[in-house]
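Topology and contacts: notes
Residues per chain are reported as follows:
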Number of protein chains: 2
Amino acid sequence: MKTLKNDRYLRALMREPVDMTPVWMMRQAGRYLPEYKAIRAQAGDFMSLCKNAELACEVTLQPLRRYALDAAILFSDILTVPDAMGLGLYFEQGEGPRFANPITCKADVLRLPIPDPEQELGYVMNAVRTIRHNLNGEVPLIGFSGSPWTLATYMVEGGSTKVFTKIKQLMYTDPDTLHLLLDTLAKSVTLYLNGQIRAGAQSVMIFDTWGGVLTGSAYREFSLDYMQNIIGGLQRESEGRRVPITLFTKGGGQWLEDLAQTGCDALGLDWSTDIHAARCRVGGKVALQGNMDPSVLYAAPARIEREVAAILAGFGQGTGHVCNLGHGIHQDVPPEHAGVFVDAVHRLSRPYHQ
Amino acid sequence: MKTLKNDRYLRALMREPVDMTPVWMMRQAGRYLPEYKAIRAQAGDFMSLCKNAELACEVTLQPLRRYALDAAILFSDILTVPDAMGLGLYFEQGEGPRFANPITCKADVLRLPIPDPEQELGYVMNAVRTIRHNLNGEVPLIGFSGSPWTLATYMVEGGSTKVFTKIKQLMYTDPDTLHLLLDTLAKSVTLYLNGQIRAGAQSVMIFDTWGGVLTGSAYREFSLDYMQNIIGGLQRESEGRRVPITLFTKGGGQWLEDLAQTGCDALGLDWSTDIHAARCRVGGKVALQGNMDPSVLYAAPARIEREVAAILAGFGQGTGHVCNLGHGIHQDVPPEHAGVFVDAVHRLSRPYHQ
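Residues numbered from 1 in each chain as written. Chains lettered and ligands numbered in written order. Predicted model: local features only at pLDDT ≥ 70, side-chain atom pairs only at ≥ 80, totals over all residues.

As for helix 10 (residues 175–199) of chain A
For clarity, the threshold we go by: Helical segments are the DSSP runs of H or I of at least four residues, strand segments are the runs of E of at least two, and each set is numbered from the N terminus. One less than the number of residues in a helix, times 1.5 Å, gives the span that helix is expected to have.
End to end, helix 10 of chain A covers 35 Å across 25 residues, agreeing with the expected 36 Å (1.5 Å per residue, within 8%). Directly beyond the C-terminal end of helix 10 of chain A, a positive phi value near 130 degrees is found at Gly-200 of chain A.

Brief notes about the pairing of strand 8 (residues 245–249) of chain A
All names here are of chain A. Using the following cut-off: Between the buried cut of 20 or more and the exposed cut of 12 or fewer other C-beta atoms within 10 Å of a residue's own C-beta lies the partly exposed class, and all C-beta atoms are placed from the backbone. Only when DSSP finds a minimum of two bridges between them are two strands counted as paired.
By the criterion of burial, strand 8 is predominantly enclosed, with five of the five residues buried. Neither face of strand 8 is exposed, since Ile-245, Leu-247 and Thr-249 on one face and Thr-246 and Phe-248 on the opposite face are all buried. Sheet topology places strand 5 (residues 203–208) next to strand 8; five bridges connect them, and they run parallel. From the neighbouring strand, Phe-207 faces strand 8, where its bridge partner is Phe-248. Direction of pairing for strand 8 relative to strand 9 (residues 266–268): parallel, over a ladder of three bridges. Residue pairing across strands places Leu-247 opposite Leu-267, the latter belonging to strand 9.

Some points on the environment of Tyr-226 of chain B
Residues and elements named next belong to chain B. Selection rule: C-beta atoms are first placed from the backbone for all residues, and any pair lying within 7 Å is then listed as a contact.
Within the element layout of this structure, Tyr-226 appears in helix 11 (residues 216–233). Owing to 25 C-beta atoms within 10 Å, Tyr-226 belongs among the buried residues under this scheme. C-alpha separation for the pair Tyr-226 and Ala-186, spaced 40 residues apart in sequence, amounts to 5.9 Å. Every residue in contact with Tyr-226, bar those within four places of it in the chain, is listed here: Pro-148, Trp-149, Leu-182 and Ala-186.

Overview of the interface of chain B and chain A
Convention followed: Residue polarity follows a fixed list, in which Ala, Val, Leu, Ile, Met, Phe, Trp, Tyr, Cys and Pro are nonpolar, Asp, Glu, Lys and Arg are charged, and the others, Gly among them, are polar.
Opposite the 24 residues of chain B that make contact, chain A presents 25 residues. No other element matches the five residues that helix 9 (residues 165–173) of chain B contributes to the side of chain B that touches chain A. Residues belonging to the side of chain B that touches chain A are distributed by class as follows: six nonpolar, 13 polar and five charged.

With respect to the relation of the copies chain B and chain A
Selection criterion: In superposing the copies, a least-squares fit is computed on C-alpha atoms, taking residues whose pLDDT is at least 70 in both.
At an RMSD of 0.0 Å, chain B and chain A line up after a rotation of 180 degrees and a shift of 0.0 Å along the axis. In short, the pair behaves as if placed about a two-fold rotation axis. Of every C-alpha in chain B, the one belonging to Gln-254 of chain B sits nearest the axis of rotation, 3.3 Å from it. Same-surface contact between copies: 100% of interface residues of chain B are shared with the interface of chain A.

Here we look at the sheet that holds strand 9 of chain A
All names here are of chain A. Cut-off, in case you're wondering: Each axis is a line fitted through C-alpha atoms, taken for helices only over the stretch in contact, and angles between the N-to-C directions span 0 to 180 degrees.
Taken together, seven strands build an open sheet; the order of strands is 1-4-5-8-9-10-11 and the sheet is parallel. Either end of the sheet is taken by a strand with one partner, and the two such strands are strand 1 (72–73) and strand 11 (321–325). In this fold helix 14 (residues 301–315) packs onto strand 10 (287–292) and strand 11, with an angle of close to 155 degrees to the strand it touches most, strand 10.

So, the packing of helix 2 (residues 34–43) of chain A against helix 4 (residues 53–66) of chain A
All names here are of chain A. Where we set the bar: Oblique is the label for any angle not under 35 degrees, not over 145, and not in the 65 to 115 range, which are roughly parallel, roughly antiparallel and roughly perpendicular in turn.
In contact at an axis separation of 10 Å, helix 2 and helix 4 are set at 170 degrees when each is read in the N-to-C sense. In terms of orientation, helix 2 and helix 4 fall into the roughly antiparallel class. Across the interface between the two elements, Glu-35, Tyr-36, Ile-39 and Ala-43 from helix 2 touch Leu-55, Glu-58, Val-59 and Gln-62 from helix 4. A per-class count over the contact of helix 2 with helix 4 returns five nonpolar, one polar and two charged.

Here's what the structure looks like:
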């Protein structure tokens, strides 16, 4: 095992002292970078890029060459697991992800296999290993998966949706079938994330993109419980070090107390939640990640720095904060503005760690 | 002035005793009703229906014939004000609302007129008067408008959006122009709602559909402050009776305390907010409206009744609750299920008012 040269990100997640607040950006490897677009064009479609370990590694490392980021994140998609189950993931121009074989009935659910991470998802494990090797101990590597509820919404809707008609029809008319699906997904995600940890991921994150469309009680029953099951099944130590787990429910600001009790180490916050209030509510239990509105990166540098300063002041003195955007970086922000954000976090956070 | 035969809705908004919890449904006049679709086909496009006082009255009254609703709501659109400003509202099949002339620069904002409710928006005032006449004092009539922030998002984006790129670019790069736009909209909405009240609306509601995409501080600066300005300018009594004002920010569950301090009488809740917690937070100050997930209406009657029972129990004993959906009714729910909802509210709420 190589010594990690910069472990600020892992330390902050464990609420251990750091010299300055670590920072990374959701979707930091992405279309706002011209060098990403070049590799993407070379790979062809999005999934071909995910499935090519060398190219996936290359785009993972690209933002680290530009910015003083404190973590790398595996370049992949949240929908790899349902794809490995045979649903046939593809991306339609301007339409987002689609499944060729969506779930339409209980029989479809009963037929779903639990993918073997080293077989059907072997390309992801290869990418993790390749990235870890090429990172050369500079910063830790984050692995990730979609949450069972979020995966289920895409699998039942057949793709992106604004109204969640089919998944909610299923939830309110045949909850048993949905529970069966979620259980299969939770088992699959547990194996998948443990595979990533074995392959070299030093921290994992579960993205619950659509938990926020539920009522509080439905959220607990159909999303949170399954994330908690996953956490209970994850390998928590690797290479002699704790593997911190971060949960992120977009739109879940009202349920932070529940999220903090799952056994995770940190919570991701979207920008609608005040980070000061969040720390008061759950900061004694978990670290917090977030939460600048990605749209602030449209603004001039001084405005970006002002927003960073407000978030750092909101979190306040001491460790337990990983600075990030509240969601993925937009593809049309100037790359220099991302640099302003990263540098501002480091520069302005030092006084909070003295 | 005719005596109002059923004033349960107005009394609950003023937190005065009622015999049972009043109920209405957002978008209760809509495509889930075959009789609505027939009138809509007769009128042609959506705006032609809004602009025809007799037909708008007819669709407003349709759900009252089917269900024991405690309020009628003006049939109209939230985007009438920007349309009256000259932006050219139209509806593209499956695409939602669009503007022919969106706001692209400060000069566009400076050119915007403040519409006269009895001129450019005279068709809405006529609809209000026609509906009031035909309601014959059965239940109160609710008037409404979009919030300045919500109207501004459509005006700047040129229509519906999932990512809010243009409006957020404007907000973070040229906030002064956005404030100018919001100020013009607040003045226009104040005149518009006062016009509706003079024409016969007995309560008004402000729909802030997109306030929830903002950070807390941006929400206060760009949405809440302008709603508060409107409230300060509204006629609060009409026909010898208080005209209650309801604010509804979708996704605003984290800011209820701020919303409750605007001088409004009631807050609409979407389904992500727990109504028991909401009452604890603000129930001493305002009434609450909501908040069943509209998707529950897909479920079988027993399941709908169970959800109604949970919401009523969540709110608890006493007045100050108007039962409703947390958002508009979906167009593909069986009309009988809406009846199950309405009847369940009345039947199951009696014990809470003894």
